[in-house]
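Summary of structural features
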Amino acid sequence: MDALAEAQARTEQRLAELAERQARVEERLVELAERQERTENQLFKLTQIVEALVVDVGRLNDDSLELRYARRAAAYFSRIAKRLRVLDTSDLANILDDAVEEGRLTVEERDAVMETDLVATGRRVKDQAEIYLLAEISWGLGPHDVERAADRAAFLAKLGREVVPIAAGVSVDAETLALAGERGVRTVRNGHNARPSSS
């Protein structure tokens, strides 16, 4: 009987130890779950920061590229026109405001042209005719850049001078190139001219 009681006591002691161990394991699991939740929250915040940085860097790249094209317009667009002069926003606004007052442009068309990345005046290489160049500039050219260039060039052409629509950037995909050909928009990549595939 004594041996049985002793065995029972040892079993109860082991069960108590096991219960303690299980409680410690459960406590650790709760701690691990809390740590994992904190880690996931930190990863989520970090992901948001990285996504915001990607957007900011994209904007900076586009802004930098627009400035480069404005500074080097005479070089980048030399096969299209000579004696190029990039219009600053004040000069462009004056020209467009006059056109609105004369009824040649609507206010919406004026506003759309004002949002263009670059507008320049010059003489077409082949015949010295006075023309405008209208360029949408983006690091990665997409169909929306081509559409904007074509649509805004059509508005600007209402002033009575030919407008050459341009989509300029660093990279471009085949779909965008095909659309540029269809819409008569020239593409310029890294300062190198390309003719629309339809011409």
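From a predicted model like this one, the values you see are computed outputs, not experimental measurements. (Residues numbered from 1 in each chain as written. Predicted model: local features only at pLDDT ≥ 70, side-chain atom pairs only at ≥ 80, totals over all residues. Heavy atoms only, no water.)

**Points about the nonpolar core**
The biggest cluster of nonpolar side chains holds 21 residues, and the ones touching the most others in it are L96, V119, Y132, L156, L159 and V185. Of all elements in the fold, only α3 (89-101), β3 (130-141), α5 (143-156), β4 (163-172) and α6 (174-183) reach the threshold of two or more residues within this core. Setting aside anything within four residues of it in sequence, one finds V119 in contact with R85, V86, L87, L92, Y132, L133, L134 and L156. Judged by nonpolar contacts, the second largest core, of 18 residues, contains Y76, A81, V164 and I166. (Core = buried A, V, L, I, M, F, W, Y, C linked by side-chain atoms within 4.5 Å. Buried < 20%, exposed > 50% of the residue type's maximum accessible area, 1.4 Å probe, protein only. Helix = DSSP H or I, 4+ residues; strand = E, 2+ residues; numbered from the N terminus. Contact = heavy atoms within 4.5 Å.)

**A short note on α6**
Since the α-helix advances by 3.6 residues per turn, residues separated by three or four positions end up pointing in the same direction. Along α6, the positions that sit buried rather than exposed are T176, L179, A180 and G181. Buried residues along α6 sit in contact with β3, α5, β4 and β5 (186-189). One or two residues past the end of α6 sits G184, with phi positive at roughly 70°.

**Things to note about a nonpolar patch on the surface**
Taken together, the side chains of L43, L46, V50 and V54 define a hydrophobic patch exposed on the protein surface, amounting to about 360 Å² of accessible area. With respect to the element layout, V50 can be found in helix α1 (residues 2-71). Classification of V50 by relative accessible area gives partly exposed; the value is 43%. (Patch = residues over 30% accessible without salt bridge, like charges linked within 9 Å, V, L, I, M, F, W, Y side chains within 5 Å. Areas by Shrake-Rupley, 256 points an atom, 1.4 Å probe, with all protein chains shown as cover. Salt bridge = Lys/Arg side-chain N within 4 Å of Asp/Glu carboxyl O.)

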